Amino acid sequence: MSDLAKNVEFWDEWQLAAVAAGVAVPLAELGCDVLRTHRKNRWSKEFLGVADDGPVMLDMCLDEPAQAEMLFLENLHPYDAALLAAARSRLGLT
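Keep in mind that this is a model prediction, so the values were computed, not measured. (Residues numbered from 1 in each chain as written. Predicted model: local features only at pLDDT ≥ 70, side-chain atom pairs only at ≥ 80, totals over all residues. Heavy atoms only, no water.)

Colleague: Just to check I follow, could you spell out the overall build of the protein chain for this structure?
Modeller: Summing up its helical and strand segments, the protein chain has six helices and zero strands in all. Order of helices (α) and strands (β) in the protein chain, N terminus to C terminus: α-α-α-α-α-α. For the protein chain, whose C-alpha radius of gyration is 14 Å, the value lies close to the compact-globule estimate of 12 Å for 94 residues. A separation threshold of at least 6 residues defines the contact pool for the protein chain, and within that pool the share at least 24 residues apart is 44%. (Helix = DSSP H or I, 4+ residues; strand = E, 2+ residues; numbered from the N terminus. Rg over C-alpha atoms; globule rule 2.2 N^0.38 Å. Contact = heavy atoms within 4.5 Å.)

Colleague: When you look at the environment of aspartate 53 in this model, what are you seeing that I'm missing?
Modeller: Mapping aspartate 53 onto the fold places it in the loop between α3 (25–41) and α4 (54–63). The buried category is assigned to aspartate 53, whose relative accessible area is 18%. Aspartate 53 sits 18 residues away from leucine 35 along the chain, and the two C-alpha atoms are 8.5 Å apart. Those residues in contact with aspartate 53 that lie beyond four places of it in its chain are Phe47 and Leu48. Among the polar contacts listed, one links the side chain of aspartate 53 to the backbone nitrogen of glycine 49, at a separation of 2.8 Å. (Buried < 20%, exposed > 50% of the residue type's maximum accessible area, 1.4 Å probe, protein only. Polar contact = N/O pair within 3.5 Å; in protein donor to acceptor, adjacent residues only side chain to side chain.)

Colleague: Even after reading the chapter, I still don't get the state of the cysteines, so can you show me in this structure?
Modeller: Every disulfide links exactly two cysteines, by a covalent bond between their sulfur atoms. Counted by the stated rule, this structure contains zero disulfides. Between cysteine 32, a cysteine without a disulfide, and cysteine 61, which holds the nearest cysteine sulfur, the sulfur-to-sulfur distance is 11 Å. Look at cysteine 61 and you get buried, because its relative accessible area is 4%. (Disulfide = S-S within 2.5 Å.)

Colleague: What should I look at first to understand the packing of aromatic side chains in this one?
Modeller: Note on aromatic pairs: each is described by the distance of the centres and the angle between the planes. What the rule picks out here adds up to one aromatic pair. Plain terms: the ring middles of phenylalanine 10 and tryptophan 11 are 5.1 Å apart, the flat faces sit at 70° to each other, and that makes the pair edge-to-face. For tryptophan 11, a relative accessible area of 5% gives the class buried. (Phe/Tyr/Trp six-rings, centres within 6.5 Å; stacked < 30°, edge-to-face > 60°.)

Colleague: Any chance you could explain the packing of α3 against helix α5 (residues 65–76) here in plain terms?
Modeller: Angle between the axes and distance between the axes are the two parameters that describe a pair of packed helices. The geometry of α3 relative to α5 is characterised by a closest axis approach of 10 Å and an angle of 35° between their N-to-C directions. Handedness of the α3/α5 crossing: left-handed. Contacts between α3 and α5 involve Leu27, Leu30, Gly31, Asp33, Val34 and Thr37 from the former and Pro65, Ala68, Glu69, Phe72, Leu73 and Leu76 from the latter. (Axes fitted to C-alpha atoms, helices over the stretch in contact; angles between N-to-C directions. Left-handed = near helix turned anticlockwise from the far one by under 90°.)

Colleague: Just checking my understanding: could you explain the packing of α5 against helix α6 (residues 81–91) for this structure?
Modeller: For the pair α5 and α6, the least separation of the axes is 10 Å and the interaxial angle reads 180°. Looking at the two axes, α5 sits roughly antiparallel to α6. On α6, the residues that touch Ala66, Glu69, Met70, Leu73 and Glu74 of α5 are Leu83, Leu84, Ala87, Arg88, Arg90 and Leu91. A per-class count over the contact of α5 with α6 returns seven nonpolar, no polar and four charged. (Parallel < 35°, antiparallel > 145°, perpendicular 65-115°, else oblique. Nonpolar A, V, L, I, M, F, W, Y, C, P; charged D, E, K, R; others polar.)

Colleague: Got a minute to help me understand the pattern of salt bridges in this structure?
Modeller: One side chain can pair with another of opposite charge once the charged atoms of both are near each other. Summed over all chains, the structure comprises three salt bridges. Measuring nitrogen to oxygen at the nearest pair gives 2.3 Å for the salt bridge that ties aspartate 33 to arginine 36. Taken together, the residues span about one helical turn, with aspartate 33 and arginine 36 both in helix α3 at a distance of three residues. Using a relative accessible area of 28% as the deciding quantity, one classes arginine 36 as partly exposed. As a salt-bridge pair, glutamate 69 and arginine 90 come within 2.6 Å of each other at their nearest N and O atoms. Separated by 21 residues along the polypeptide, glutamate 69 in helix α5 and arginine 90 in helix α6 bring together distant segments of the chain. Residue glutamate 69 is classed as buried on the basis of its relative accessible area of 17%. (Salt bridge = Lys/Arg side-chain N within 4 Å of Asp/Glu carboxyl O.)

Here it is as structure tokens:
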């Protein structure tokens, strides 16, 4: 196994699988950010982003991409009211 293969994290694997399943690259990157941030910040299991959430997150991205994007943004930027309002408007969720 190469050193590169050893350094692949579950969030990177999730992103690759999401893109392969048909998720748009920006949304897959956002989901990857949620998984990575959860792990790096040691959020509690009640927050979205534990490794076991991967399949559910993928289903959300495929079934309701706008809602998934909004949920991911809300998890990553819960206090950025301007960003969240702009995203709601852009996604047609207002």
